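Fold and geometry: a report
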Amino acid sequence: MEQRNTVIIYYKGGNIVGEIMLVSQQEMYRRLNMTKALEITEKAYRALGEKDAKFPAKITMDLGESDSWPAYGGHINAMPAYVGYKDIVGVKWAGGFENNKEHGLPYGIAALILNNPHNGEVIAFMDGTHITSIRTGAASGVAVKYLSRKDSKVLGIVGAGLQGRMNLEAILQVRDINLVKIADLHYEAAVNYAKEMSDKFGVEVIPVKDYREVSENSDIVLTATNGRDILVKREWLKEGSTVLGIGSYPELDERVYLTSDKVVCDSWEQCSRRGQLPIVVNAGKFTRDNLYAEISEIVSGRKAARENNNELICVCLVGVGVIDIACAARIYKEMKEEGDYPTFKLR
């Protein structure tokens, strides 16, 4: 492993011990777009595959998401990670609350802390909500780049919310899509999404009422909801398609996992407990031996990506903290080099 000079990152411009950089959501919006997020995400996955990054499985504080008490209808995850090529460590504290919309708040809310890994000193406190949103889309974009057919033209999405938008933007940057089908529990939301995304990206987007229509004849199918309903059935998927489930609960018919030519996830330790796979894992139908690879193994070249146009490939993503910290480190370094940013003295 190469020796890194961390003085430039942490102390350029005379960093004061105990001084913490503050990064607002507005600053994150300005600095982190999808093109940059895709680049960072692919590099972070490669670092994971090359053992140049590490993270423990996320820890979930249940605040009524599944438990009856306290009944706040949400959860918060702790997601720490160390990124070797940035030589930086941090943690994202990110939650989702079902009733936030009623109060004018987004479903997902997050904050992020960066630390100097040499001494534990807190060096930045950042908005984590935008990072979470954009890197979730970027993670799907990287998976599509490596695992979908290169000639994919038709994309089907279930979920017309923020992640339906972020994932579309990412996928459009890696594949030449000419038709998008969108479905949502609320058809009006799908209609609004279709108009907004068509105008924004110049691609044909059509709202559909039937989940089956989303999947049938689609080259790529993606589910991005907060629900607990099965949205994609195995018989709806055509040969050679790629299906991605990124929700917190199973959205795909279990036969998709059990009969796909390849099943790929971002973290087996996490995906076996949350997201698409727990229902088949807990039933004893799917084990680590059934998993083809983690996406980091594919991006780093340790495992082959798509090998032919006939493979049905299933991708399960729940999010890894390495990407969040890598994104935050990029913004931190940019702002540090510019030298003009708000701070807070902890002591």
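Please read all numbers here as calculations on a predicted model, not as lab measurements.

Calculation criteria
- Residues numbered from 1 in each chain as written.
- Predicted model: local features only at pLDDT ≥ 70, side-chain atom pairs only at ≥ 80, totals over all residues.
- Heavy atoms only, no water.
- Core = buried A, V, L, I, M, F, W, Y, C linked by side-chain atoms within 4.5 Å.
- Buried < 20%, exposed > 50% of the residue type's maximum accessible area, 1.4 Å probe, protein only.
- Helix = DSSP H or I, 4+ residues; strand = E, 2+ residues; numbered from the N terminus.
- Contact = heavy atoms within 4.5 Å.
- Pairing = 2+ DSSP bridges.
- Expected span 1.5 Å × (residues − 1).
- Arc of directions from axis to C-beta.
- Salt bridge = Lys/Arg side-chain N within 4 Å of Asp/Glu carboxyl O.

**Some remarks on the nonpolar core**
By size, the foremost hydrophobic cluster in this structure holds 72 residues, and its most contacted members are Tyr45, Leu114 and Met126. Per-element accounting of this core gives the leading share, 10 residues, to helix α12 (residues 321-338). Sequence-distant contacts of Tyr45, defined by excluding residues within four places in its chain, comprise Ala139, Val142, Asp266, Ile295, Ser296, Val299, Leu317, Val320 and Ile323. Counting 25 residues, the second-largest nonpolar core is a separate cluster that includes Ala183, Leu237, Leu252 and Val263.

**Observations concerning the sheet that holds strand β13 (residues 262-265)**
Pairing in this open sheet of 8 strands is parallel, and the strands run β10-β9-β8-β11-β12-β15-β13-β14 from one edge to the other. Both edges of this open sheet fall to β10 (204-207) and β14 (293-294), since each of them pairs with a single strand only. Here strand β11 (residues 220-223) runs beside strand β12 (residues 242-245); their pairing, made up of 4 bridges, is parallel. Residue pairing across strands places Ile220 opposite Thr242, the latter belonging to β12.

**Some words on helix α6 (residues 187-201)**
In this model, α6 (15 residues) spans 21 Å end to end at C-alpha, consistent with the 21 Å of a helix rising 1.5 Å per residue. For α6, the set of buried residues is Ala190, Tyr193, Ala194 and Met197. Within α6, the buried residues cover an arc of 105° as seen down the axis, which keeps them to one side. Set apart from the buried face of α6 by more than 90 degrees, the exposed residues are Glu188, Lys195 and Asp199. Looking at the buried positions of α6, the neighbouring elements they touch are β8 (154-158), α5 (162-174), β9 (179-183) and β10. Of the residues one or two after α6, Gly202 is the one with positive phi, at around 70°.

**Thoughts on the pattern of salt bridges**
Counted under the stated rule, the structure contains 24 salt bridges. Of the charged contacts in the structure, one is a salt bridge between Asp253 and Arg255, with a shortest N-O distance of 2.6 Å. Judged by its relative accessible area of 10%, Asp253 falls in the buried class. A residue is classified by how much of its surface remains accessible, and Arg255, at 39% relative accessible area, is partly exposed. Within the structure, one salt-bridge network assembled from shared partners comprises Glu27, Arg30, Arg31, Lys36, Glu39, Arg330, Glu334 and Glu338.

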